Amino acid sequence: MDRETGRPGTGLRTDPRTPSARVSHPPRPRLPQGVAGAPPPPAARRPRRRGLRLSAAVGAGLLLAGGGVVAVDRLGQERAALTPPTPAERALAAAETGRPAALADLEALIGERRQRVRREPADRGSWAVLGAALAERAARSGAPGAYTEAERALQRSLAQGGTPDVRALTGLAVLAGARQDWAGAVRWGEAARDRAPGRAAAYRVLLEAYPGTGDAKGADRALERLRKVRPGPVAEVAAAWVHRERGWREDAEATVYDAAARAATPAERAAALSRAGDLAWERGEAETALARYEGALRAEPEHDGAAAGRARALAGLGRSEEALAAWARARAAAPRPGYAVESGELLLALGRSGEAADHFALARHQAAALARDGVRPEQVLGRLEADHGDPAEAVRLLADEHRRHPGPAASGALGWALHKAGRSAEALPRLRAAVKDGPNTAQPAYHLGMAHLALGERGAARRQLTRALRLAPEFSPLHAERARRELAALGEPAWGPPPA
């Protein structure tokens, strides 16, 4: 049987290496690498069609329209299906499935929807897509002004009346999370989930928001549902962070590496590798963390989280000048005040206090700009005031934050501010809660150890400071060295019975 024509063959076999035996086929269209959800190529061989029969109108793709017969060229349809999606289409597809989009694609989608709403200002769906894309960009760029622009577009969608567009609800949840309003992110995220339980995007937001409100069970439920709705790298990156928040370091590591291996797009791979870098850094593996962050930046050069992680890893390896350059790159990608605080602390550790003061001033300026745009900067400002400013002001800021979002992170931050304000006895319960209920990382252990030390509890201080340095010997260019000095001053524990 001839495989080309489906007719009986001659029974003769020819050598496929000879020119006369070669069968010429048109080249198969090549899909661009990293495009998720692209349709598969057509079957390798199809029977040739020399015409379309009216007797097989349905099978051949003929439509009756206006009393006439319109032939639809299926080959043309197949070619159209194989046309690579535009950047805006890629970003829209990523949003629909809850995956991260490349920033360049996100910008293309924003530009395309801006043009559409100018032509059709009552298009509720386009306002929703525009607002959601702007919210995602604001969350990832941290640029002042971006948050307000996103909110206006999302509210414009809701103002058209009728049933709220689920994309607008999801966008408002993303926007609330980007503003550190975790209660608002939960409220909008749950509204989006209830409107469309099968969409992954709402669960992705809720998995970030629930820990901020201290709702660990809510995070578990959202993760379980996300894994059913959208199994794959997006769910596994989220699962890794849930495991991390519980202190399950090995589970988090295994899950995030699996997500990186299965990533379908560069943006997805960058998200997974950046999280893998965070986990390696928190384990004290600076070389591994650096490799993961650099892999993330190769996949997505604009990924500010990976740029910041790379700066931390370089500082931990003693490559201070490279670290300062990396911090400059991270601040250029996203003007987040926390980045200026961390680079300032590296400068302090290097003895460059004047430059450090400039970085701390920059952090305050950035925090004020973000506050005008609806972002709540209490966490970063509280940390800055506790360590490099007015600890009493830090207590005021962080007490308000803890009332709104009583999770382990807020407990630990408030406890540290209380300790720095000379109220170490009040700080202890909050610092213990941060160690017990939060991620198994070095900084909460260090904070608890320093509070025990201030209260003269030498054994407890020694245990916690030792734990912090075992978890990550270079967790901070400033505080890790302080932990080593205090441990050296404490000396070895005394053996034998206590003195009479």
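Here, every reference points to the structure presented above.
Residues numbered from 1 in each chain as written. Predicted model: local features only at pLDDT ≥ 70, side-chain atom pairs only at ≥ 80, totals over all residues. Heavy atoms only, no water.

### Quick word on the overall build of the protein
Definition in use: Runs of E in the DSSP output that reach at least two residues are strands. Runs of H or I that reach at least four are helices, and both are numbered from the N terminus. Between two residues, a contact is recorded if the distance between any of their heavy atoms is within 4.5 Å. Only the protein chains shown count as cover for residues, and all accessible areas are computed by the Shrake-Rupley method using a 1.4 Å probe.
When its secondary structure is counted, the protein shows 25 helices and 2 strands. Restricting to contacts in the protein with at least 6 residues of sequence separation, those with at least 24 account for 53%. As presented, the protein carries roughly 25,400 Å² of accessible surface, and 53% of it is formed by carbon and sulfur atoms.

### Section: the packing of aromatic side chains
Put simply, the rule is: Ring pairs shown here join Phe, Tyr and Trp side chains whose ring centres sit within 6.5 Å, with only the six-membered ring taken for Trp; geometry is labelled stacked below 30 degrees between planes, edge-to-face above 60, and tilted in between. To sort residues, take the accessible area from a 1.4 Å probe on protein chains only and compare it with the maximum for the residue type: under 20% means buried, over 50% means exposed, and anything in between is partly exposed.
Per the counting criterion, the structure on display carries 3 aromatic pairs. When the ring of Trp327 is compared with that of Tyr339, the centres are 5.8 Å apart and the planes differ by 45°; the resulting orientation is tilted. On the criterion of sequence distance, the pair formed by Trp327 in helix α16 (residues 320-333) and Tyr339 in helix α17 (residues 337-349) is long-range, its members being 12 residues apart. Both rings, one in Trp416 and one in Tyr446, keep their centres 5.8 Å apart while their planes meet at 45°; by these two values the pair is tilted. Of this pair, Trp416 sits in helix α21 (residues 408-420) while Tyr446 sits in helix α23 (residues 442-454), and the two are 30 residues apart along the sequence. The same class applies to Trp416 as to Tyr446, namely buried. An aromatic cluster of at least three residues, connected via ring pairs, comprises Trp416, Tyr446 and Phe475.

### Observations regarding the packing of helix α18 (residues 353-372) against helix α19 (residues 378-388)
Threshold: All axes are obtained by fitting lines to C-alpha atoms, using only the stretch in contact for helices, and the reported angles, taken between N-to-C directions, cover 0 to 180 degrees. For classification, angles of less than 35 degrees are called roughly parallel, those exceeding 145 degrees roughly antiparallel, those between 65 and 115 degrees roughly perpendicular, and all remaining angles oblique. Each crossing is labelled by how the near helix is turned from the far one, with a counterclockwise turn of less than a right angle marking it left-handed and a clockwise turn marking it right-handed. In this classification, the charged set is Asp, Glu, Lys and Arg, the nonpolar set is Ala, Val, Leu, Ile, Met, Phe, Trp, Tyr, Cys and Pro, and all remaining amino acids, among them Gly, are polar.
Interaxial distance between α18 and α19 falls to 11 Å at its minimum, and their mutual angle equals 150°. Between α18 and α19, the angle falls in the class roughly antiparallel. Two packed elements cross with a definite hand, and for α18 against α19 that hand is left-handed. Two secondary-structure elements touch here, α18 through Phe360, Ala363, Arg364 and Ala367 and α19 through Leu381, Leu384, Glu385 and His388. Residues that form the contact of α18 with α19 fall into these classes: 5 nonpolar, 1 polar and 2 charged.

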